[in-house]
Amino acid sequence: MLQFLVSKVAMMLTLGMFSTGIHTVQKIRKKGTGDTPILPFVAFATSCFLWLNYGIMTNDATLAFTNFIGTMLNCSYILLYYWYAPKQEYCLQNSRTVSGTFSGNTFIQYLVSHKPPRSY
């Protein structure tokens, strides 16, 4: 019972944290991207996507659902950022670079930490 309660409270707080990008996107819609970096949106989307995959692999429905919502929200933030960015090609190139870097690092960490057992 306690585990269920903690998981639901954590899910609600995490979903609330995901919604913090709404304020930034509203500012971008009114004033343009200006000096607002895209890195937090890309990092957050990448993190949520990786946690979503982990939730699926471990059959944790709460983790998977929460991070599915986070991935969708942050991808929509990135699309809106791109829509209002004055230099859209530069913005898109940076998003790809950052996403590739996060994914590559995660894959390397997975390979290093999950070595198959040695047979003697």
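The rules behind the values
Residues numbered from 1 in each chain as written. Predicted model: local features only at pLDDT ≥ 70, side-chain atom pairs only at ≥ 80, totals over all residues. Heavy atoms only, no water. Helix = DSSP H or I, 4+ residues; strand = E, 2+ residues; numbered from the N terminus. Buried < 20%, exposed > 50% of the residue type's maximum accessible area, 1.4 Å probe, protein only. Contact = heavy atoms within 4.5 Å. Areas by Shrake-Rupley, 256 points an atom, 1.4 Å probe, with all protein chains shown as cover. Axes fitted to C-alpha atoms, helices over the stretch in contact; angles between N-to-C directions. Parallel < 35°, antiparallel > 145°, perpendicular 65-115°, else oblique. Left-handed = near helix turned anticlockwise from the far one by under 90°. Nonpolar A, V, L, I, M, F, W, Y, C, P; charged D, E, K, R; others polar. Phe/Tyr/Trp six-rings, centres within 6.5 Å; stacked < 30°, edge-to-face > 60°. Polar contact = N/O pair within 3.5 Å; in protein donor to acceptor, adjacent residues only side chain to side chain.

Moving on, we get to the overall build of the chain. The helix and strand tally for the chain stands at 5 helices and 0 strands. In sequence order, the chain lays out its α and β elements as α-α-α-α-α. For the chain, with 120 residues in total, the buried portion stands at 23%. Here the contacts in the chain between residues at least 6 apart in sequence split such that 67% fall between residues at least 24 apart. Carbon together with sulfur atoms contributes 67% to the accessible area of the chain, which is approximately 8900 Å² in total.

This next bit is on the environment of tyrosine 77. Its location among the elements puts tyrosine 77 in helix H4 (residues 61-84). Taking relative accessible area as the criterion, tyrosine 77 reaches 4% and is therefore assigned buried. Along the chain, tyrosine 77 and isoleucine 22 lie 55 residues apart, while their C-alpha atoms are 7.8 Å from each other.

Put simply, helix H3 (residues 39-57) and H4 touch, their axes get as near as 8 Å, and they point 155° apart. One finds that H3 runs roughly antiparallel with respect to H4. Crossing of H3 against H4: the hand is left-handed. Judged by residue contacts, Phe41, Val42, Phe44, Ala45, Cys48, Phe49, Trp51, Leu52, Tyr54, Gly55 and Ile56 of H3 engage Leu63, Ala64, Asn67, Phe68, Gly70, Thr71, Asn74, Cys75, Tyr77, Ile78 and Tyr81 from H4. The residue makeup of the contact of H3 with H4, split by class, is 17 nonpolar, 5 polar and no charged.

Right, let's talk about the packing of aromatic side chains for a bit. The full count for this structure, using the stated rule, is 4 aromatic pairs. Connected via pairs of aromatic rings, a cluster forms that spans Phe41, Tyr77 and Tyr81.

So, about the side chain of threonine 62. Note on placement: threonine 62 falls in helix H4. The class of threonine 62 is buried, set by a relative accessible area of 17%. Within the local environment of threonine 62, its side chain forms a polar contact with the side chain of lysine 8, the two groups lying 3.3 Å apart. Apart from residues no more than four positions distant in its own chain, threonine 62 is found in contact with Ser7, Lys8 and Met11.

Nothing here speaks to function; it is all geometry.
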